[in-house]
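# Commentary on secondary and tertiary structure
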Amino acid sequence: EAQVTQNPRYLITVTGKKLTVTCSQNMNHEYMSWYRQDPGLGLRQIYYSMNVEVTDKGDVPEGYKVSRKEKRNFPLILESPSPNQTSLYFCASSLSGGRAGYTFGSGTRLTVV
Amino acid sequence: AQSVTQLGSHVSVSEGALVLLRCNYSSSVPPYLFWYVQYPNQGLQLLLKYTTGATLVKGINGFEAEFKKSETSFHLTKPSAHMSDAAEYFCAVSDLSSGNTPLVFGKGTRLSVIA
């Protein structure tokens, strides 16, 4: 089944403790992206990648890192999480970027206390 | 840069009534437009998309949307609401003005269906 898989689904952590949210797609998509969803703000792009070893900032990149060492994987790294990073995170992939639409993962609900 | 405005953060309709969710966009280039649906505790699922060609686009679950360039609108409709349609709906536009081509989302409209 074609899908984007994120782990974990739920995560509660403490301020400053490094964490990684994994994302993997099995559709051989070149484009991958991370979004965060907050009430009243919709979805905002954090980082994106157009291919292996090519990543760039989206609209809200502060406090996040990403890497794209393999085509299928695009982990999101929070080096020192803070409470304002409490949010619902979505990984998405696309064959040809926004013009084709994205396939989304099921989301990771992160709480930073 | 593109932007999307969804009128009404919450819409409530009776079961069997018409569903109309409004979306207006701003774009300096011909847009690619999308509607996504998010059910509770789930990710986003593509309902339909407009790229080129026919301006009336049919999607899944009986939804359709019409691209009206003169009004810069892409409203989502369904003739008869069903209880299972209760969800949050997001309109999105693809930003073709840069190589990134991200999806730019509206803030969402929560649809409630009353029995």
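See the structure shown above.
Scope of this entry: the structure provided in the associated data block. (Residues numbered from 1 in each chain as written. Chains lettered and ligands numbered in written order. Predicted model: local features only at pLDDT ≥ 70, side-chain atom pairs only at ≥ 80, totals over all residues. Heavy atoms only, no water.)

With that out of the way, let us pick up the state of the cysteines. On inspection of all chains with the given rule, the structure shows 2 disulfides over all chains. Two residues share a disulfide in this structure: A:Cys23 and A:Cys91, whose sulfurs sit 1.9 Å from each other. What sets the handedness of the A:Cys23 and A:Cys91 disulfide is the S-S torsion sign, and at about -70° it is left-handed. Of this pair, A:Cys23 sits in strand E3 (residues 19-25) while A:Cys91 sits in strand E9 (residues 87-94); the two residues are 68 residues apart in sequence, bridging distant segments of the chain. The class of A:Cys23 is buried, set by a relative accessible area of 2%. Look at A:Cys91 and you get buried, because its relative accessible area is 0%. The disulfide that involves B:Cys23 links it to B:Cys91, with 2.0 Å between the sulfurs. Looking along the S-S bond of the B:Cys23-B:Cys91 disulfide, the torsion reads about -65°, which is the left-handed sense. Separated by 68 residues along the polypeptide, B:Cys23 in strand E3 (residues 19-26) and B:Cys91 in strand E9 (residues 87-94) bring together distant segments of the chain. Exposure remark for B:Cys91: the relative accessible area of 0% places this residue in the buried category. (Disulfide = S-S within 2.5 Å. Helix = DSSP H or I, 4+ residues; strand = E, 2+ residues; numbered from the N terminus. Buried < 20%, exposed > 50% of the residue type's maximum accessible area, 1.4 Å probe, protein only.)

Our focus in this paragraph is the sheet that holds strand E7 (residues 65-66) of chain A. Strand pairs in the sheet, formed through backbone hydrogen bonds, run parallel or antiparallel to each other. Residues and elements named next belong to chain A. Read across the sheet, 4 strands follow the order E1-E3-E8-E7 without closing on themselves; strand pairing throughout is antiparallel. In this open sheet, the two strands that pair with only one neighbour each are strand E1 (4-7) and E7. In this structure, E3 lies alongside strand E8 (residues 76-78), joined through 3 bridges in antiparallel fashion. If you follow Val21 over to E8, its bridge partner there is Leu76. (Pairing = 2+ DSSP bridges.)

With that out of the way, let us pick up the interface of chain A and chain B. Chain A puts 24 residues into the contact, and the matching count from chain B is 22 residues. Buried area between chain A and chain B, both sides added, is near 1,700 Å², and the carbon and sulfur share of it is 51%. At the surface where chain A touches chain B, the tally comes to 0 salt bridges. Along the contact surface separating chain A from chain B lie 4 residue pairs in polar contact (both at pLDDT 80 or more). Element by element, the count of residues in the side of chain A that touches chain B is highest for strand E5 (residues 42-51) of chain A, at 5 residues. Grouping the constituent residues of the side of chain A that touches chain B by class yields 12 nonpolar, 10 polar and 2 charged. (Contact = heavy atoms within 4.5 Å. Buried area = accessible area lost by both parts, 1.4 Å probe. Salt bridge = Lys/Arg side-chain N within 4 Å of Asp/Glu carboxyl O. Polar contact = N/O pair within 3.5 Å; in protein donor to acceptor, adjacent residues only side chain to side chain. Nonpolar A, V, L, I, M, F, W, Y, C, P; charged D, E, K, R; others polar.)

That is the geometry; function is a separate question.
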